[in-house]
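Now for the letters of each chain:
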Amino acid sequence: MEEEDREGWIFVRRRPYEWDGLGSGEDVPPDGSLQIRFAGPAEHWTDAAPVGNGRLGAMVWGGVATEKLQLNHDTLWTGIPGDYTNPQAPVALSQVRKLVDDGQYVEATAAAFGLSDHPSDVYQPLGDIEIDFGDSHINYSGYERLLDLDTAKINVKYNIGDVEYTREHFASNPHQVFVTKITASKSGSLSFTISLNNKLHHQTSVNGSSHIVMKGSCRGKRIPPKGNVFDNPEGIQFAAVLNLRIGGDGAEIHVVDDSKLRVEDSDWALILLVASSSFDGPFTKPSDSKKDPTLECMNVLKSLENMSFSQLYTYHLDDYQNLFHRVSLKLSGSSKFSCEEEKSALTSQTHDTFHGTRRLASSIPDLSSEVTNDVLVSTAERVKSFKVDEDPSLIELLFQYGRYLLISSSRPGTQFSNLQGIWNKDIEPAWDCAPHLNINLQMNYWPSLPCNLSECQDPLFDYISSLKINGSKTARVNYEASGWVVHQVSDIWAKTSPDRGDPVWALWPMGGAWLCTHLWEHYTFSLDKLFLQDKAYPLLEGCASFLLEWLIEGSDGYLETNPSTSPEHSFIAPNGKVASVSYSSTMDMSIIREVFTALVSAAEAKDFEDPDVHHRHLSHLFGLFPGHSITIEKTPELCKAADYSLYKRAAIAEMLVQSTLKDLYLLPALPRDKWNNGCVRGLKARGGVTVSICWKEGKLNKARLSSNNKNSLIRLHYDGNVTDVRLLSGSVYVFNERLKCLKTRSVGTDFS
């Protein structure tokens, strides 16, 4: 069936809308007011127009004789999972803290370089679709290029002689494909050569007569190895497959140089681009991934074999507008904003709908029929003129553009929105195109809640969960603290350690804490208690645990952070020199207060009200004791609930030691605020083990274990540390907070 024969009525689901009593859910006016217009083809990357579906992005340049569609995929990064710990950091930390206490801020800044680590990895480009229309397209007229925020589609139109050429581009989230349609108003007038290219290591070949396959790999290290090639681990592998369809009586496709396709004498062409990678999560090495990117691409294209442009566009529109149409903004620079204008802003429909069906209007808007007076004025010119003419419709446009960019760069199931959303052309981009946690990543998601795009936060929350895993190791090793910590910059591998470089920006352990405030904010908007209980509270709790131990008592008796920096800001020290490391920056204390407040509020919100918190019956804890169905390994969330229940009651032994036949847990539910320091001796654990523990400032100081069995093998647990221990009868073993065995003594030897 020819593409043009597939146009017409398309059946789609009727979308539910949030009704606010003001008008229709689809209340974005179809008058072109939400179109970003360009005066001509892009001369620079920043002049190109972005489209994206959260995973796959493109920058459309809009060239005439040659077109470049620059591509990105959200999982293309250098590197492999890393070790984000530094065993030498505690020594450097002590030095820095002493220098700060002594008022030697310049020296503290210099010493803080000892806390730095290796840099983040780097976001990489997927490559380019290059379309060469030849010399016949050099001279053109009537050029128009626009990004329609209402439809998330880029339209390009121009004339060559008496032939009008149109191009349409969008990135479909429902079908995970980047779509381009090119048409000519005169039959047989469309000819071009199309290819795929990339700056990364890659191979390109033609598969059959209508597919171009590009296979490539990202570097296993952020910079090319200078030594033995085997020192460079295997990086993320990727594939992009382009499918080409054409229509017209005399239309033909030819293979050129085994890597390009040549279209001759066509009426229209449909280009579908899909991509995939071997990335299988931040904790899986690319060399261990079982994913086949090329096979995944081919499977996606196979699923689209019978879908026309109209069908793809309709599903794309339905999916996108379900998000975009939740909010509209209409402003006026005059108090004479009429009732009719208000009614139009609140009720106008973008598309005709009838019983769940939609008939598509012309794919390219008829710009000549738009009612706005500035139809031929580029958005860039409107921005320039804003200084003298504060056009309120430009504010509307920019407001919706922010929502559009978030929808396009962050969807459920994709990666987080990085430093540039999802768009990047360079293999060495500015600031690595990495998520910077000292404001940039957070700023990307600021529109999500007030602008009714809460689903777009899902990738951020998934990312925070990954950061907690690596951040727990960084907290434990670098700072000898519990909980989890993240610093200023991260990457797809969930890097949590300080970056390499100047402490003025690299030394900032508040990144994870700031991200945690997004969790609480999400709850305050949604009142989703399941989210609070399963996602937000555990992350907040771990973050607060680190912050409690990061805070230390200062000379004036107040808790302070030391070392502390104000992100990317220096100050003049008392000796007149520039420094950046001191204590208790306003940023630190403000974020910590927010996290603590959120945690307290979350604790109050997530539990049912107990009419008698001191009730003697603990029936709901049977699975914990005397039963065995509730364990940290099998049911960690239930253990946290049990912890909360026991916190209100005095189940003392189980708060200090819990065990199975194979596992022994030290201080699993210690009420640190109530019992900050203490010792317990002689408790029994399963397996015939005798346990004595001392703790200071709420942390394990020493633990002494002995066994009356000849040979006991147990797993010892404390604060995320796990170690296998073999206990011989007649001996006493002493462990520190990292569960390192300090010494072995005969039974009867003094514990000290």
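Residues numbered from 1 in each chain as written. Predicted model: local features only at pLDDT ≥ 70, side-chain atom pairs only at ≥ 80, totals over all residues. Heavy atoms only, no water.

The name recorded for the protein chain in an unreviewed UniProt entry is Alpha-L-fucosidase 2, from Acorus gramineus.

Chemist: Sorry if this is basic, but what is going on with unusual backbone geometry here?
Modeler: When glycine is set aside, most residues are seen to have a negative phi, and most peptide bonds are trans. Between Asn-562 and the following residue, Pro-563, the backbone shows a cis peptide bond with an omega angle of 5 degrees. Its place among the elements puts Pro-563 in the loop between strand 21 (559-560) and strand 22 (571-572). We note that Trp-431 has phi near 55 degrees; this positive angle belongs to a residue other than glycine. In this structure, Trp-431 sits in the loop between helix 7 (392-409) and helix 8 (440-445). (Helix = DSSP H or I, 4+ residues; strand = E, 2+ residues; numbered from the N terminus.)

Chemist: For this particular structure, what's the right way to read the layout of surface pockets?
Modeler: If you roll a probe as big as a water molecule over the atoms, it shows you where there is empty space left. Within this model, the second largest pocket holds a volume of roughly 740 Å³. Lining the second largest pocket are 35 residues, and of these Thr-46, Ala-48, Pro-50, Tyr-401 and Leu-405 lie nearest its centre. Going through the elements one at a time, strand 2 (35-38), helix 6 (379-385), helix 7 and helix 8 are the ones with two or more residues in the lining of the second largest pocket. Of the residues in the lining of the second largest pocket, the class split is 19 nonpolar, eleven polar and five charged. (1 Å grid on protein atoms, 1.4 Å probe; cavity = no way out; pocket = protein on both sides within 12 Å on 5 of 7 lines; lining within 4 Å. Points joined across faces, edges and corners; volume = space filled by probe spheres on them. Nonpolar A, V, L, I, M, F, W, Y, C, P; charged D, E, K, R; others polar.)

Chemist: For this particular structure, what's the right way to read the pairing of strand 17 (residues 268-277)?
Modeler: It is a general feature of regular strands that their side chains alternate between the two faces of the sheet. Of all ten residues making up strand 17, ten are buried, and the element is well covered by its neighbours. The side-chain alternation of strand 17 yields two buried faces, one formed by Trp-268, Leu-270, Leu-272, Val-274 and Ser-276 and the other by Ala-269, Ile-271, Leu-273, Ala-275 and Ser-277. Examined bridge by bridge, strand 10 (residues 177-184) and strand 17 share six bridges and lie antiparallel to one another. Looking at the pairing, Thr-180 lines up with Ile-271 of strand 17. Bridging between strand 14 (residues 237-247) and strand 17 involves ten bridges; their strand directions are antiparallel. Bridging from a neighbouring strand, Leu-242 pairs with Leu-273 of strand 17. (Buried < 20%, exposed > 50% of the residue type's maximum accessible area, 1.4 Å probe, protein only. Pairing = 2+ DSSP bridges.)

Chemist: Mind showing me how you'd approach the packing of aromatic side chains here?
Modeler: Here the structure, examined in full by the defined rule, presents 21 aromatic pairs. Residues Phe-133 and Phe-192 carry aromatic rings whose centres are separated by 5.6 Å and whose planes lie at 55 degrees to one another, so their mutual orientation is tilted. One end of the pair, Phe-133, is in the loop between strand 6 (127-132) and strand 7 (141-148); the other, Phe-192, is in strand 11 (residues 190-197), with 59 residues separating them in the sequence. Side by side, Phe-133 and Phe-192 carry an identical accessibility label, which is buried. Here Phe-546 and Trp-550 contribute two aromatic rings whose centre-to-centre distance is 5.8 Å and whose plane-to-plane angle is 20 degrees, an arrangement assigned as stacked. Here Phe-546 pairs with Trp-550, and both are found in helix 12 (residues 529-550), just four residues apart, close to one helical turn. Members of the aromatic cluster, connected to one another through ring pairs, are Trp-77, Tyr-123, Phe-416 and Tyr-463. (Phe/Tyr/Trp six-rings, centres within 6.5 Å; stacked < 30°, edge-to-face > 60°.)

Chemist: Help me understand the confidence of the model for the protein chain, please; the structure alone is not making it clear to me.
Modeler: A low pLDDT means the predicted coordinates there should not be read in detail. When the pLDDT values of the protein chain are averaged, the result is 84; 81% of them are 70 or greater. This model gives residues 1-8 a pLDDT under 50, and the stretch forms 23 contacts once residues within four places in sequence are excluded. (pLDDT = per-residue confidence, 0-100. Contact = heavy atoms within 4.5 Å.)

Chemist: Which parts of the structure should I look at to understand the state of the cysteines?
Modeler: Covalent bonding between the sulfur atoms of two cysteines is what defines a disulfide. Evaluation of the coordinates by the stated rule reveals one disulfide. The disulfide partner of Cys-679 is Cys-694, and the gap between their sulfur atoms is 1.8 Å. Where Cys-679 bonds to Cys-694 through sulfur, the torsion about that S-S bond is close to 110 degrees, and the disulfide is right-handed. Of this pair, Cys-679 sits in strand 26 (residues 678-685) while Cys-694 is found in strand 27 (residues 689-696), placing the two residues 15 residues apart along the sequence. The class for Cys-694 is buried, based on a relative accessible area of 11%. (Disulfide = S-S within 2.5 Å.)

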